[in-house]
Amino acid sequence: MNHDSAGEYASAGSLFDVIAAVTKIATAVVLISLVLLVAAEVISRSLFNYSLGFVEEVSGYCVVMLTFFGAAIALRAGSLFQVRFIIDVLPEGLQAWMARIFALLALVICAVMMMKTNDLMMSSFTRGKFAPTVLNTPLWIPQLLMPSGFAVIGVFLIEQFLLTFNRFKSNS
Amino acid sequence: DDWTGYTYSSVSTTSAVKGMNRIVDRVGKETDGELKIELHLGKTLQIASSDITQAVGDGVVDFAADFFFSGSVPIARVLNLPMLIENDDEWAKASSAMEPILQKAFAEQDVTLLGGYRYPEQTIFTTFEMKSLGDLNGHKIRVTSPEQGKFVEAFGGAPITLAGTDVPTALERGVIEGVLTASAGGAKNWHEFLPYDYRFPVNYGNSMIIANTDAFEALSDKDQDILRKIVSEEGPETTAEFIEDEKVQQQSQADAGMKITPLKDGDLAMAREKLTPFWETWAKENGPQYEEALKAVRAAIGK
Amino acid sequence: MESILAFGLLIGLIVGGMWVQFAVAGAGLFYVWLMKGFAGWKALGIVSWGSANSFTLAAIPLFVLMAEVLLGSGLSKRLYNGVAPFVRRLPGGLMHTNIAGSAIFSAIAGGSAPTAAAMSTVALPELSARGYDKRLVAGSLAAGGTLGILIPPSITMIIYATFTETSIARLFAAGMLPGILLAVLYMGFIAVRALINPNLAPRDITRSTWPELGAALLDIVPFLLLILIVLGSIYGGFATPTEAGAVGVIGAVLIAALYRKLSVTLLSEALRRTTIMSGNILFVVFTSMIFAYATALSGVGESLVAMLDDANVSRLAFLLIIMVTFAILGCFMEGLGMIAIIVPVIFPALVALGVDPVWFGVFVVILVELGQLTPPLGVILFVVASSSKDVKVEDVVMGTAPFFAIILLFMLLMIAFPQIALFLPSFTLG
Ligand code: NA
Ligand code: NA
């Protein structure tokens, strides 16, 4: 586990930095909205006896956003849980190879998840499915968060893969 | 064929799950093992209850009991409009009028509608005493659909949406002050937090029994018929058991100290009058299909 | 057979050093493929949506954000200084501050890592400078940190509840008394150690003056206020446990503002760290649910119940088996993932054996605490060790060992007297 404090991550180029910056801003906005939404519901219900009626639904979408885009940022920050006691005692060359294999394997998993969540999004779109709530949200819109989240995770996995080769290394 | 079966209900002792188990057992026996269904209980498969229609349509699940279908087959909500259907007789007429419409709507989702069952009427369970609908005024009531929300609002109450797991403690702590449910449904789990029940029938809740169309059509004609027949027998049987259980639960809730107030004279007519315009605006907002469906139902029950 | 292969791959990938989340997801995909072939993967979309779209899990980013605001604003130092004058004359001196301070911080923070971080960053430099035994200090900080998930609010309990449909408010009430009792046991142990070997902790005999105590109390007040706001909003009927997280964030921001610590840097740093931490946690829960889907599909849980039934395993034996399983897995797995993988499998068996799900929730949380204290992967060990250059992970491990034994004893106590956990929820929630 890596408790970063400096906020400087290994980077494989400015394209990755830009994607990361956009992701960070988007998740921060969603996190702030989550706080304000839930607090507004509590206040409105307790003081004015009035429920906004959509907070539970929208909070769920915020969680989806924070799960996938937050995971992407955590991956880039080197904070995703990892058990390193065996890998750390391996010779450096072997470590790099294992890192490469893990990055590729994770990329395959990510690609499968992206495809399957994309299929669901398309299914909801063609079926015209919506949330049976006051907002009547067409579900493909929040579901779009899943394939796009996996896409961003995939981008940073490619970066992790590139970073196992010395010539791609730089610091953001 | 080996089918994956799923039900939204996670309580194995409820009439709903018992009925599904009977179907699964009988299907295995009566098709001589040609069709086997493995039934999974609610939440175990990480498929949200409101996604079951889609899960069946996409072939993730082959066979299911589907209660929360309104996001996929919204036209079915006609049957759940508050005050439209007030008793068993009206329910029978209305649902047969809706039958062809529902068949078609589910077919559009790649789902074959085989039958269904119905819960007893949902009445008002509260933490405060209610003698008539007027007593809803100013109280926070948990609702599970925008239509129920309209009903609560119509009598000055505050409709609250809340996750099911939060309900018991929310009742205990006064975050909400009531729920709309059946004695044999949610009230079974929450009765210790609900000292009052006003027997006003707000609406009925019903569950569809459905199959993935491709999977169903891949069955032999004989097995299709067997499955249809079993569902058409066990669906009504489940409904009957629910009605029976409703009496039993109501009695045991009364024995446990719940104060049960009978329906007040005039409340039904008053509420019907208040909500009739809502049916029409609801149908209009949703489109001509909905208006036709509502017209068919109203004609069938003579309202 | 499929289950053994899938669990084998899962453990292999994790121990081999793959990111835990991808190890769990990969093993889950493999598991589904073994049972249903590639066609089985078409469920992944709808299962992903059902797993990720959760209001309850919103509590995680909310409680993490609240703790980050407090940490970033330096209010934890204030808490530490506030508690010290009240406990420093006990045998063991300021080490009691570690425990008492952790217990109070736990009542705000949802997790153990933030609790341990909050106390360690303040206490470690302070106590090493005064000649305290660094191992015992590190051990007391690690032990205090574990209170974070036992004393409500608790993210671990929220995750347990999402897998078992148990009432979060009940779980919170159930964790309170065991948390306080454990804190008392820790303090008792420290006092005994210090009496036997006074060299471990210099005795501070300066009597606190009234003005000093008054000033100290003033330092604790913001925390008591925040505890009052968070727990008060739950038990006063204003908010559900999930919603209380948002109330707490607003409260923490207001308190930081009150002490003139609020700044754009503080907020953006808190948001950044919260995104990373909760993204990490939510993603492990998410991938575990994919794995749980495969587990449920395989019916291995039902087989386990049948097996236990045939073997006529008693309740006690079953609980001991679970303790051992968690202890082994806890050496190399992260606690939340452990809950997410194990609980759905064993839960039917528990219900069959008549184990109270609320009691078991507390039991599991304490098992997760143990896992956080065991090397090689013990989150708390790293957090404490990383708070000071003078303290190595080995020191923390050695210092934690006696507390580890206390926790084990406490678990047996809980099996013997389940009322320790169940008294408060039945008292406060009926
Ligand atoms: Na806590
Ligand atoms: Na560990």
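Here the structure is a predicted model, which is why all the values come from computation and not from measurement.

Each value, and the rule that gives it
For every chain, the first residue of the written sequence is number 1, and numbering continues from 1 along that sequence. A letter from A marks each chain and a number from 1 marks each ligand, given out in the order of writing. Reporting in this predicted model follows two pLDDT cut-offs: at least 70 for local features of residues, and 80 or more for side-chain atom pairs to be given and counted; totals over whole chains, interfaces and linings ignore these cut-offs and use all residues. Note that the side-chain values use all heavy atoms of the structure and ignore hydrogens as well as water. Numbered from the N terminus, helices here are DSSP runs of H or I no shorter than four residues, and strands are runs of E no shorter than two. For the radius of gyration, the atoms used are the C-alpha atoms, and the globule rule reads 2.2 Å times the number of residues raised to 0.38. Type-normalised accessible area, obtained with a 1.4 Å probe on protein chains alone, sets the label of each residue: buried when under 20%, exposed when over 50%, and partly exposed for intermediate values. Positive charges come from Lys and Arg alone, negative charges from Asp and Glu alone, with His and the N- and C-terminal ends not counted. Throughout, a charge is located at the NZ atom of Lys, the CZ atom of Arg, the CG atom of Asp or the CD atom of Glu. Two strands are counted as paired when DSSP detects at least two bridges linking them. Under this scheme, a helix contributes an axis fitted over its contacting stretch, all axes are lines through C-alpha atoms, and angles between N-to-C directions fall in the 0 to 180 degree range. Should any heavy atoms of two residues lie within 4.5 Å, those residues are considered in contact. A residue's pLDDT is the confidence the predictor assigns to it, expressed on a 0 to 100 scale. By convention, the term buried area covers the 1.4 Å-probe accessible surface removed from two parts as they join, with the contributions of both added. For this analysis, a salt bridge means a side-chain nitrogen from Lys or Arg found within 4 Å of a carboxyl oxygen belonging to Asp or Glu. Throughout this description, a polar contact denotes any pair of N or O atoms lying within 3.5 Å of each other; where both atoms belong to protein, one of them has to be capable of donating a hydrogen while the other can accept it, and for residues adjacent in sequence the pair is counted only when both atoms sit in side chains. Residue polarity follows a fixed list, in which Ala, Val, Leu, Ile, Met, Phe, Trp, Tyr, Cys and Pro are nonpolar, Asp, Glu, Lys and Arg are charged, and the others, Gly among them, are polar. Distance thresholds for patches are 9 Å for like charges and 5 Å for nonpolar side chains (Val, Leu, Ile, Met, Phe, Trp, Tyr), applied to residues having over 30% relative accessible area and no salt bridge. Surface exposure here means Shrake-Rupley accessible area, sampled with a 1.4 Å probe, where a residue is shielded only by the protein chains that are shown.

**A short note on the overall build of chain A**
Assigned secondary structure in chain A consists of five helices and two strands. The N-to-C order of helical and strand elements in chain A reads β-α-α-α-α-α-β. Taken against the 2.2 N^0.38 rule, which gives 16 Å for 172 residues, the C-alpha radius of gyration of chain A at 20 Å runs more than 25% over that of a compact globule. Dimensions of chain A, computed from C-alpha atoms along their principal axes, come out at roughly 65 × 40 × 30 Å. In chain A, buried positions account for 50% of the 172 residues. Between the mean site of the 10 positive side-chain charges and the mean site of the 10 negative ones, chain A shows a separation of 7 Å.

**Quick word on the sheet that holds strand β10 (residues 206-212) of chain B**
Residue and element names in this part refer to chain B. An order of β2-β1-β3-β10-β4 is seen for the five strands of this open sheet, with the pairing classed as mixed. The open sheet is flanked by β2 (36-40) and β4 (111-118), the only strands paired with a single partner. Within the sheet, the average angular offset between the axes of one strand and its neighbour, ignoring direction, is 20°. The sheet contact formed by strand β3 (residues 63-66) and β10 spans four bridges and is antiparallel. Bridge assignment links F63 to a residue of β10, and that residue is A211. Of the strands in this sheet, β1 (2-7), β2, β3, β4 and β10 are in contact with helix α1 (residues 15-30), which crosses β2 at around 160°.

**Considerations on the confidence of the model for chain B**
Taken residue by residue, chain B gives an average pLDDT of 91. The fraction at 70 or more is 100%. Taken together, the chains of this predicted complex give a pTM of 0.88 and an interface ipTM of 0.91.

**Considerations on the interface of chain C and chain A**
Chain C puts 57 residues into the contact, and the matching count from chain A is 60 residues. It is C:W19, C:F22 and C:W49 that lose the most area in chain C upon contact with chain A, and together they represent 15% of the buried surface on that side. Counting every contact that joins chain C to chain A gives one salt bridge. Residue A:R45 is joined to C:E243 by a salt bridge in which the shortest nitrogen-to-oxygen separation is 2.7 Å. Elements with a minimum of two residues in the side of chain C that touches chain A: α1 (2-16), α2 (20-36), α3 (44-52), α4 (59-72), α12 (241-258), α13 (264-298) and α18 (379-385) of chain C. The greatest single-element share of the side of chain C that touches chain A, amounting to 14 residues, is contributed by α13(C).

**A look at the interface of chain C and chain B**
Taken together, the 29 residues of chain C in the interface contact 23 residues of chain B. Between chain C and chain B, the buried area comes to about 2,100 Å², and carbon and sulfur atoms account for 59% of it. Inspection of the region where chain C meets chain B yields zero salt bridges. If you look at where chain C meets chain B, you find two residue pairs in polar contact (both at pLDDT 80 or more). Among the secondary structure elements, those contributing two or more residues to the side of chain C that touches chain B are α3, α10 (168-196), α11 (210-235), α12, α13 and α20 (419-429) of chain C. Among the residues forming the side of chain C that touches chain B, the class breakdown is 17 nonpolar, eight polar and four charged.

**Describing unusual backbone geometry**
Between C:P152 and the following residue, C:P153, the backbone shows a cis peptide bond with an omega angle of -5°. Locating C:P153 in the fold gives a position in the loop between α8 (134-150) and α9 (155-164). Within the chain, A:N49 stands out as a residue other than glycine whose phi angle is a positive 60°. Relative to the helices and strands, A:N49 is located in the loop between α1 (14-48) and α2 (55-76). Located in the positive-phi region is B:Q46, a residue other than glycine, with phi close to 60°.

**Let's talk about a nonpolar patch on the surface**
On the surface, A:I32, A:L36, C:I250 and C:L254 cluster together to form a nonpolar patch covering roughly 350 Å² of accessible area. Those elements that place two or more of their residues in the nonpolar patch are α1 of chain A together with α12 of chain C. According to the relative accessible area criterion, C:I250 is partly exposed, its value standing at 31%.

**Re a negative patch on the surface**
On the surface, B:D1, B:D2, B:D32, B:E34, B:E38 and C:E302 cluster together to form a negatively charged patch. Mapped onto the fold, B:D2 is located in strand β1. B:D2 gets classed as exposed once you look at its relative accessible area, which sits at 62%.

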